[in-house]
Amino acid sequence: MNKRLAVAFTGPSNSGKTTLILKVARKLIHEHGKRVAIIKHDPSDKARFDVEGKDSYKFSDTGAEVIVTSPTRTTYFSKQNKDLDEMIRLFNDFDILLVEGLKNLPLPRISIFRETLDSDYFPFMNALAIDETINTADYDVPSDVDILDLNDCEDVISWILKNAKEV
């Protein structure tokens, strides 16, 4: 079995986390030939994947673990919180796992910022992805944090391939 790698992305709302993950995932899949899995944390429980009244909603509403399959997709519904190992088992077949959020997971973490940095993130980041709107000289960024160009996907991918955790 090939080694599987995982990395997490964090940052404030509207910093560009989802945009960066999408760009990185597309490039990893289409240019690097990697199988990519993505976990997105929904801390405010706002994401909606089903419509009330439909069978899948009714099944999920019972509290059961539900899989809906069709010719073009399979969707897994769960009313239980899963830890990282359980989520990895659900995906099973991937090369690189990209996680948005979930600050408590023991994964190497890229923090994304535009305009200003929040030093509260410093103890939890391994890399900092920023654009030209931030001058790192204005902040006391820890010396062990790698600085990445938010607009250079290959820079971010290189860091991931070198620093992601084997899972």
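Residues numbered from 1 in each chain as written. Predicted model: local features only at pLDDT ≥ 70, side-chain atom pairs only at ≥ 80, totals over all residues. Heavy atoms only, no water.

**Notes on a negative patch on the surface**
Side chains of Glu115, Glu132, Asp149 and Asp152 sit close together on the surface and give a patch of like negative charge. Relative accessible area serves as the criterion here: at 35%, Asp149 is assigned to the partly exposed category. (Patch = residues over 30% accessible without salt bridge, like charges linked within 9 Å, V, L, I, M, F, W, Y side chains within 5 Å. Areas by Shrake-Rupley, 256 points an atom, 1.4 Å probe, with all protein chains shown as cover. Salt bridge = Lys/Arg side-chain N within 4 Å of Asp/Glu carboxyl O. Lys, Arg positive; Asp, Glu negative; His and termini not counted. Charge placed at Lys NZ, Arg CZ, Asp CG, Glu CD. Buried < 20%, exposed > 50% of the residue type's maximum accessible area, 1.4 Å probe, protein only.)

**Structural notes on empty space enclosed by the protein**
Counted by the stated rule, this structure contains one cavity of 30 Å³ or more. In this structure, the largest cavity spans a volume of roughly 40 Å³. In terms of lining, the largest cavity is formed by Gly16, Thr19, Leu20, Lys23, Arg114, Leu150 and Asn151. Here the residues of the lining of the largest cavity are counted per class, giving two nonpolar, three polar and two charged. (1 Å grid on protein atoms, 1.4 Å probe; cavity = no way out; pocket = protein on both sides within 12 Å on 5 of 7 lines; lining within 4 Å. Points joined across faces, edges and corners; volume = space filled by probe spheres on them. Nonpolar A, V, L, I, M, F, W, Y, C, P; charged D, E, K, R; others polar.)

**Here we look at helix α1 (residues 17–30)**
Over its 14 residues, α1 extends 20 Å from the first C-alpha to the last, a length consistent with the 20 Å expected when each residue adds 1.5 Å. Within α1, the full set of buried residues consists of Lys17, Leu20, Ile21, Val24, Ala25, Lys27 and Leu28. Seen from one end, α1 has its buried residues packed into an arc of 170°, which puts them on one side. Away from its buried face, by an angle of more than 90 degrees, α1 presents the exposed residues Arg26 and His30. Check the buried side of α1 and you find it contacts β1 (5–10), β2 (36–40), β5 (96–100), β6 (109–113), β7 (127–130) and α4 (153–163). (Helix = DSSP H or I, 4+ residues; strand = E, 2+ residues; numbered from the N terminus. Expected span 1.5 Å × (residues − 1). Arc of directions from axis to C-beta. Contact = heavy atoms within 4.5 Å.)

**Some remarks on the pairing of β5**
The element β5 is extensively covered by neighbouring structure, given that five of its five residues are classed as buried. Residues Ile96, Leu98 and Glu100 of β5 are buried on one face, and the alternating residues Leu97 and Val99, pointing to the opposite face, are buried as well. With five bridges connecting them, β1 and β5 associate as parallel partners. In the strand pairing of β5, Phe9 is matched with Glu100. (Pairing = 2+ DSSP bridges.)

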